[in-house]
Amino acid sequence: MAKPIELVVNGERRRIDVEPEMPLLWVLRDVLGLTGTKYSCGIAECGACTVLLDGEEIRSCATPVSEAAGHEITTIEGLAHTHFHTLQEAWIAEEVPQCGYCQPGQLLAAAALLARNPHPDDAEIVEHMSGILCRCGTYQRIRRAIRRAAGTAKGAAS
Amino acid sequence: MSDVVLISRRTFLALGAGAAGSLVLGCRITPRDAATGTAPVFVPNAFLAVDGEGAVTVWVPEAEMGQGVLTALGVLVADEMEADWEKVRVEQAPVDPERFGKMSTGGSTSVREGWEPLRRAGATAREMLLTAAAARLGVDRSQLAARRGRVIHEASGRSVGYGELAEAAAALPLPAEVALKKPGELRLIGKPIPRVDTPAKVDGSAAFSIDVRRDGMLHAVIARCPVFGGTLKAYEDRAALAVLGVRKVVRVPTGIAVLADSTWAAIRGREALEIAWDRGEAAAWDDARIARYLNERAPAKGVEARSEGPTVAGAADGATRIERRYSVPFLAHAPMETLNAVADVRPGRCEIWVGSQSPTRLQAEAAKRLGLDVARVTVHQMFLGGGFGRRAWPDFGLEAVEVSRAAGAPVKLTWTREDDMRHDLYRPASLHLMGAAVDPTSRRVLAWRHRLVAPSILEQLWPGSIGDRLDEMAVSGAKDLPYAIPGIHVDYVMANTPVPVMWWRSVYASQNAFANEAFLDEIAALLRKDPVEIRLELLKGSPRLRKTVEMAAEGIGWGRSLPPGHGLGIACHASFGSFVAHAAEVAVAKGTVRVLRVVAAVDCGPVVNPDTIAAQMDSAVVYGLSAALRGRISIRGGAVVEGSWADYEPLRYAEMPVVETRIVSSEESIGGIGEPGLPPIAPAVVNAIFAATGKRVRSLPISGHDGFKAWEA
Ligand code: FES
Ligand code: FES
């Protein structure tokens, strides 16, 4: 086995003993027990497994853990401790989730969007968020919640 | 027989509920027992408790799969009992059929069945707390009012909290009569109350079964024969066992399970297995053969479902006849959370963690397989990452049990996306032979015929259950055509194939409504009638559905002038006790259909939570559009071709139409909401495509339509 890999997950330093090519998704879920990051396809098609790597959104199912070593990883469990907790509040205010399974990925993708573009317009939201599937059809509310968090809401009914 | 009961201390403990001195009531949300049709003995399956601190807990037997059922059912209790909603928790009732009866979630029944009993239970608690308060305060009961968790004596300004009254109330006899609130007195019902499961769903703490971890747990995947009904000939696991992290390879009834330290290692181990399958007879089936088979069955005389008035062939001289064939493909459920379950089989007992729409069925079948008493099998109900009907079948939970038993360890069995798509039980493909006779002079429809040719879900799941009798489930939505047409003839030809089938959101309404509503549009065109006008005329006897058509048409701006390439379409359907019309605006340009806007008008009777209704309309429209635009499960060599989101791609963000929900305010009987929004979306869209292009789409998905690429406005 290769030497232990060091990760920084939600501000905490973690040392793990796994193969370098194991996808970050399974390291988070099965090794570290951070099950908020979801599996849905494993081949970068749906975004359920989205996490932030140094603030950039990545598909953790298609990212070997070795590539994440030494970088700051933010998962849904850590989002509340960043300034993007406003997204979670907006998600609650707009009653976004249905089954909820895709929502960790949606929230992290939204955080990456706002990090780059604090006041996105509708077209930018749609374009950025189209990579994250929701089988329950919560898209309209996601847009409203992002606008609310960005302070660009046209009012609750927009 | 009383429909609300006081719960004994013993039962109460089984709920895992808190301290003594609580008032606990039970009531029953009746599961429909289609098999026997008998009224079950009164066994409560929903509960409420008020403890000494005034905290209220409501236990409900339904699974939360995104439809907001925990909140809706909790609100029914809390409103009637005048609880302080801030102090109400809603939990999943324990899976314990002996004590609490059977459980299942499906058919959009939860709120419909809970509407009466849960409110009655809440009202009973309120009455008992009021009576206890009268004794405590030494005043007449009639001078007291219950308000947000307290009983108030307005004359003196004194009040006492529910917590202080719970113990005394629990010692009272059940009141013989309780009055439910009048509509004007409701405080929570009808309001957009925030969902109780939302906070956990935005911070990653909501626990789905795929998130369960147990000490010593191994992660498993199963290699199954890709061909339906195929069997194992031989396998070689040396290479699989050599994969780092793989612990075991075991045989289970459905294939070969690979167990490992991580899901990833298990998947890699499975890739290293060498397996020889006996592919069996289904290997000779593919799409072409299925289509041929349905078409060959079509001329057979079906089992009659409805036969009234003149037939199409026998309609008066001078009638014009129109005949059309419609068809739809098999569809997968494809919830975002792939199927999975955690099982821990030990000598003499078994525990299962699962998101199940039928936990008691899973429990009973697991007990049978293990030779255990049902009471020795514990099922923990988790959040469901989408159900859509798929999680009503216990197969995936039973597989986890088998793997745990064979491996002698707690196991999390995960289906990969490919497994989930290729080993589903599918929405049946179907063929619809539609016919009508119309009088061109009076511009009236004289007769209607609908012959449905499709696999029978019930007969395939339980061979012999239908035989040569009518499958009522299959003809739902076809038989009960709501239109006032003098002659209506509906029959059903069973056409089972090796492809396993099951209920899929809205069951057969998704096929039958498509055929009904698209065909009615063709009749309208033949009679030179407006599609809204013909529906309003023919719906005279169905005022609730008629009203939704009016509202949807008005909402979309029916009749307004549109840019080139745009079209408006309308369709309506009544199912699961509710009435829904969708009006859709589409834009068609070369090779693409974009649905821009959908106005969903719904009458589901009294509204429990308008926000949930809007969410369910969004959801049904997205689920239905994903299917209508490009959803198709194809069969080649007896196996499913599609295996990924790229092959079977749900609607993405950029394709989301604006969906606006309009709710009919209604005091009529209450209906379901999870499913009724689905059936009218596909026909509304194909009707809009016709309005935009003059092209009829008679087979789904729309993307598979010949000439689709060449369409122009
Ligand atoms: S699970 Fe990673 S993109 Fe689907
Ligand atoms: S909320 Fe269910 S998949 Fe998005």
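Please read all numbers here as calculations on a predicted model, not as lab measurements.

Quick notes on the overall build of chain A
Argument step 1. The helix and strand inventory of chain A stands at seven helices and five strands.
Argument step 2. Element order for chain A, N to C, with α for helix and β for strand: β-β-α-β-β-α-β-α-α-α-α-α.
Argument step 3. Against the 2.2 N^0.38 benchmark of 15 Å for 158 residues, chain A shows a C-alpha radius of gyration of 16 Å, consistent with a compact globule.
Argument step 4. For chain A, the C-alpha atoms occupy an extent of roughly 55 × 30 × 25 Å along the three principal directions.
Argument step 5. Among the 158 residues that make up chain A, the fraction classed as buried is 60%.
Argument step 6. Restricting the contact set of chain A to residue pairs at least 6 apart, pairs at least 24 apart contribute 56%.
Argument step 7. Total accessible area on chain A stands at roughly 5700 Å², and carbon and sulfur atoms take up 50% of it.
Argument step 8. Placing the 15 positive and 20 negative side-chain charges of chain A at their respective mean positions leaves the two points 6 Å apart.

Thoughts on empty space enclosed by the protein
Argument step 1. Across all of its chains, the model carries five cavities of 30 Å³ or more by this definition.
Argument step 2. Estimates place the volume of the largest cavity at around 100 Å³.
Argument step 3. Every residue lining the largest cavity is listed: Leu331(B), Arg427(B), Trp504(B), Ser510(B), Gly624(B), Ala627(B), Ala628(B), Leu678(B), Pro679(B), Ile681(B), Ala682(B) and Leu700(B).
Argument step 4. Of all elements in the fold, only α17 (610-630) and α18 (681-693) of chain B reach the threshold of two or more residues within the lining of the largest cavity.
Argument step 5. Residue contributions to the lining of the largest cavity peak at three residues, all from α17(B).
Argument step 6. Partitioning the lining of the largest cavity into residue classes produces nine nonpolar, two polar and one charged.
Argument step 7. As for the second largest cavity, its lining consists of Arg135(A), Trp504(B), Tyr623(B), Ser626(B), Ala627(B), Arg630(B), Gly631(B), Tyr648(B), Glu649(B) and Pro650(B).

Some details on the pattern of salt bridges
Argument step 1. For the structure shown, the criterion picks out 54 salt bridges over all chains.
Argument step 2. Between Asp211(B) and Arg29(A) there is a salt bridge, with the nearest N and O atoms lying 3.0 Å from each other. In this pair, Asp211(B) is assigned in the loop between α6 (198-202) and β9 (218-223) and Arg29(A) in helix α1 (residues 24-31), connecting two distinct chains.
Argument step 3. Asp344(B) is the salt-bridge partner of Arg346(B), the closest N and O atoms lying 2.8 Å from each other.
Argument step 4. Salt bridges sharing common partners tie together Glu80(B), Arg119(B), Arg126(B), Glu127(B) and Arg141(B).

Parameters and conventions
Residues numbered from 1 in each chain as written. Chains lettered and ligands numbered in written order. Predicted model: local features only at pLDDT ≥ 70, side-chain atom pairs only at ≥ 80, totals over all residues. Heavy atoms only, no water. Helix = DSSP H or I, 4+ residues; strand = E, 2+ residues; numbered from the N terminus. Rg over C-alpha atoms; globule rule 2.2 N^0.38 Å. Buried < 20%, exposed > 50% of the residue type's maximum accessible area, 1.4 Å probe, protein only. Contact = heavy atoms within 4.5 Å. Areas by Shrake-Rupley, 256 points an atom, 1.4 Å probe, with all protein chains shown as cover. Lys, Arg positive; Asp, Glu negative; His and termini not counted. Charge placed at Lys NZ, Arg CZ, Asp CG, Glu CD. 1 Å grid on protein atoms, 1.4 Å probe; cavity = no way out; pocket = protein on both sides within 12 Å on 5 of 7 lines; lining within 4 Å. Points joined across faces, edges and corners; volume = space filled by probe spheres on them. Nonpolar A, V, L, I, M, F, W, Y, C, P; charged D, E, K, R; others polar. Salt bridge = Lys/Arg side-chain N within 4 Å of Asp/Glu carboxyl O.

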